[in-house]
Amino acid sequence: MSEADLPFLSRLYASTRAEELAPVPWSEADKAAFLEQQFRAQHAHYQQHYPNADWLVIARQGEDVGRFYLERWPSQHRIIDIAFLPEHRGRGYGEALLRDAIDEAEAAGKDVSIHVEKLNPAMRLYRRLGFITEEDKGVYDLMRWRAAERQVKIA
């Protein structure tokens, strides 16, 4: 990710909130301003709290289609965010990235964790990949894929 990617990342962020904002009786300009402000706040928060993360813009055939943010801590790998433009959701790209992240963490003997909104349709994917809810954080669940448990199941 670079500064040049920020307009795409802002548009991607807005696409993840479109359904939520659809019923809000604001003008399109007001919604756009709100989403830009929220994107900037989220971006600043991520940069501050995950200073050593990989900030990846996902491209397919030269077109930016998503983002994948990952921080590797000594005890675990934290998926900070994963998102795709609506027309690129449900095509297996997220699952492929998650499987790669799990494989990398497993090779290092580390867990993988992520905060997931309770109503996120991707929750089914996380559960299918072996993530369990570790903690209820209100709107979000802290989910974890455990390397040690996975290794015990395989053995």
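Residues numbered from 1 in each chain as written. Predicted model: local features only at pLDDT ≥ 70, side-chain atom pairs only at ≥ 80, totals over all residues. Heavy atoms only, no water.

Per an unreviewed UniProt entry, the protein goes by GNAT family N-acetyltransferase and derives from Bradyrhizobium pachyrhizi.

1. Looking at the overall build of the protein
Using the following cut-off: Secondary structure elements follow DSSP: runs of H or I of four or more residues count as helices, runs of E of two or more count as strands, with numbering from the N terminus. With C-alpha atoms as the basis for the radius of gyration, the globule rule is written as 2.2 Å multiplied by the number of residues raised to the power 0.38. Buried residues are those whose accessible area, probed at 1.4 Å on protein chains only, stays under 20% of the maximum for their type, while exposed residues exceed 50% and partly exposed ones sit between those limits. Note on contacts: a residue pair qualifies if any of its non-hydrogen atoms lie within 4.5 Å across the two residues. For the area figures, the Shrake-Rupley method with a 1.4 Å probe applies, and any residue is considered shielded solely by the protein chains shown. Lys and Arg are tallied as positive, Asp and Glu as negative. Neither His nor the chain termini are counted. Charge coordinates come from a single atom per side chain, which is NZ of Lys, CZ of Arg, CG of Asp or CD of Glu.
From N to C terminus, the protein includes 5 helices and 6 strands. The order of α-helices and β-strands along the protein, N terminus first, is α-α-β-β-β-α-β-α-β-β-α. Its C-alpha radius of gyration of 16 Å places the protein within 12% of the 15 Å reference for a compact globule of 155 residues. Referenced to the eigenvectors of the C-alpha coordinate spread, the extents of the protein come out at roughly 55 × 30 × 30 Å. A burial count over the protein gives 40% of its 155 residues as buried. A separation of at least 24 residues holds for 50% of the contacts in the protein among residues at least 6 apart in sequence. Accessible surface, the protein as shown: approximately 9,100 Å² in total, 52% of it carbon and sulfur. In the protein, the 21 positive side-chain charges and the 25 negative ones have mean positions that sit 4 Å from each other.

2. Re the packing of helix H1 (residues 6–21) against helix H2 (residues 28–49)
We count it as follows: Angles run from 0 to 180 degrees between N-to-C directions of axes, and those axes are lines fitted to C-alpha atoms, restricted for helices to the stretch in contact. Definitions for this section: a left-handed crossing has its near helix turned counterclockwise from the far helix by less than a right angle. A right-handed crossing has that turn clockwise. Nonpolar residues are Ala, Val, Leu, Ile, Met, Phe, Trp, Tyr, Cys and Pro. Charged residues are Asp, Glu, Lys and Arg, and all others, Gly as well, are polar.
For the pair H1 and H2, the least separation of the axes is 9 Å and the interaxial angle reads 115°. Note on packing geometry: the crossing formed by H1 with H2 is right-handed. On H2, the residues touching Leu6, Leu9, Ser10, Tyr13, Ala14, Arg17 and Leu21 of H1 are Lys31, Phe34, Leu35, Glu36, Gln38, Phe39, Arg40, Gln42 and His43. Its residues placed into classes, the contact of H1 with H2 shows 8 nonpolar, 4 polar and 4 charged.

3. Details of the pattern of salt bridges
The cut-off we apply is this: We define a salt bridge as a contact between a side-chain nitrogen of Lys or Arg and a carboxyl oxygen of Asp or Glu at a distance within 4 Å.
Under the counting rule described, the total for this entry stands at 15 salt bridges. Between arginine 17 and glutamate 20 there is a salt bridge, with its nearest N and O atoms 2.6 Å apart. Residue arginine 17 and its partner glutamate 20 are located together in helix H1, separated by 3 residues, close to a single helical turn. For arginine 17, a relative accessible area of 14% puts it in the buried group.

4. Some points on the UniProt feature "domain: N-acetyltransferase" (unreviewed entry) in the protein
Quick reminder of the rule: UniProt positions are given in the numbering used here, feature names are shortened, and annotations may be inferred rather than shown by experiment.
As annotated in UniProt, the feature "domain: N-acetyltransferase" (unreviewed entry) corresponds to residues 1–148 in the numbering used here. Counting secondary structure, residues 1–148 comes out at 41% helix and 30% strand; the distance between its end C-alpha atoms is 32 Å.

5. So, the pairing of strand S5 (residues 132–137)
A regular strand carries its side chains on alternate faces of the sheet. Here is the rule: Two strands are counted as paired when DSSP detects at least two bridges linking them.
When S5 meets strand S6 (residues 140–145), the two strands line up antiparallel, connected through 5 bridges. Directly across from threonine 133, in S6, lies its bridge partner methionine 143. Hairpin remark: S5 followed by S6, antiparallel, with 2 residues in the connecting loop; positive phi at glycine 138, about 85°.

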